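An overview of the molecular structure
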Amino acid sequence: MEFPSDIKRTKQREEIFRVLSQASEPMSAQDIYQHLVQAMGKGSLSGSFAISTVYRVLAVFEEKGYVNKSTLMGEDMSYYEWVRGQHKHYAVCLKCHRLIPLKGCPFEHGRPDLDEEDFVITGHRLELYGYCGDCMQG
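Report follows, based on the coordinates.

Parameters and conventions
- Residues numbered from 1 in each chain as written.
- Predicted model: local features only at pLDDT ≥ 70, side-chain atom pairs only at ≥ 80, totals over all residues.
- Heavy atoms only, no water.
- Helix = DSSP H or I, 4+ residues; strand = E, 2+ residues; numbered from the N terminus.
- Buried < 20%, exposed > 50% of the residue type's maximum accessible area, 1.4 Å probe, protein only.
- Phe/Tyr/Trp six-rings, centres within 6.5 Å; stacked < 30°, edge-to-face > 60°.
- Core = buried A, V, L, I, M, F, W, Y, C linked by side-chain atoms within 4.5 Å.
- Salt bridge = Lys/Arg side-chain N within 4 Å of Asp/Glu carboxyl O.

Here the focus is the overall build of the chain. Check the secondary structure of the chain and you find 4 helices and 6 strands. For the chain, the sequential pattern of α-helices and β-strands runs α-β-α-α-β-β-β-β-β-α. Reported as C-alpha extents along the three principal axes, the dimensions of the chain are approximately 55 × 45 × 25 Å. Here the chain holds 138 residues, and the buried ones make up 30% of them.

Here it is as structure tokens:
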């Protein structure tokens, strides 16, 4: 995956892109920041990152449509996921907050049944809430 050509390249943007594009699930800005701090500790980054820089870069990526931002029910924290051409939906454990990806989108083969026929759908979000197997047993 290559850095977007329509965004000015900076070291901070490149590193945040690297973290997000390699992530297997959505990450909070704090998660991204922690990855960057760990990388700096290993000497692979020069300079320093502030959490505010992470938020500013994420805002640019979101504005350009490269990341999806979502806020889970009952949390003040947003999560970011690099757009890879196909969107994902998640089941969220209410106890441990683990995100479990759904196998496909329930709307990919059909339109939801609406009372209003003239409604044009331009996008959707779907999050399921419950308890994962580990939390139900523990």
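Next, the rest of the story.
Bringing the packing of aromatic side chains into the picture now. Under the counting rule described, the total for this entry stands at 5 aromatic pairs. Look at phenylalanine 3 and phenylalanine 17: their rings are 5.5 Å apart centre to centre, the planes differ by 80 degrees, and that puts the pair in the edge-to-face class. Linking phenylalanine 3 in the segment before helix 1 (11-22) with phenylalanine 17 in helix 1, this pair joins segments that are 14 residues apart in sequence. Note on accessibility: phenylalanine 3 and phenylalanine 17 belong to one class, buried. Ring centres of phenylalanine 3 and phenylalanine 61 lie 6.3 Å apart, and the angle between their planes is 70 degrees; on these two criteria the pair is classed as edge-to-face. Separated by 58 residues along the polypeptide, phenylalanine 3 in the segment before helix 1 and phenylalanine 61 in helix 3 (residues 51-63) bring together distant segments of the chain. Of the two residues, phenylalanine 3 and phenylalanine 61, neither departs from the other in class, the shared state being buried. Members of the aromatic cluster, connected to one another through ring pairs, are Phe3, Phe17, Phe61, Tyr66 and Trp82.

Despite not being glycine, histidine 97 has its phi angle at roughly 65 degrees, a positive value. Summarising the element assignment, histidine 97 is placed in the loop between strand 4 (90-93) and strand 5 (99-101). Of the residues examined, histidine 97 reaches a relative accessible area of 38% and is grouped as partly exposed.

Core analysis: the largest hydrophobic core is formed by 19 residues, its most contacted members being Ile16, Leu20, Ile32, Leu36, Val54, Leu58 and Phe61. The set of elements that each furnish at least two residues to this core consists of helix 1, helix 2 (29-41), helix 3 and strand 3 (78-82).

All chains considered together, the criterion is met by 3 salt bridges. Across the salt bridge formed by glutamate 15 and lysine 11, the nearest N and O atoms sit 3.3 Å from each other. One end of the pair, glutamate 15, and the other, lysine 11, are both in helix 1, 4 residues apart, so they sit about a helical turn from each other. Note that arginine 18 is salt-bridged to glutamate 15, the shortest N-O span being 2.9 Å. You can see arginine 18 and its partner glutamate 15 sitting in helix 1, 3 residues apart, about one turn around the helix. The exposure class assigned to glutamate 15 is buried, which follows from its relative accessible area of 10%. Three or more residues joined by partner-sharing salt bridges are found here, namely Lys11, Glu15 and Arg18.

Spatial relationships are all this shows, so hold off on functional conclusions.
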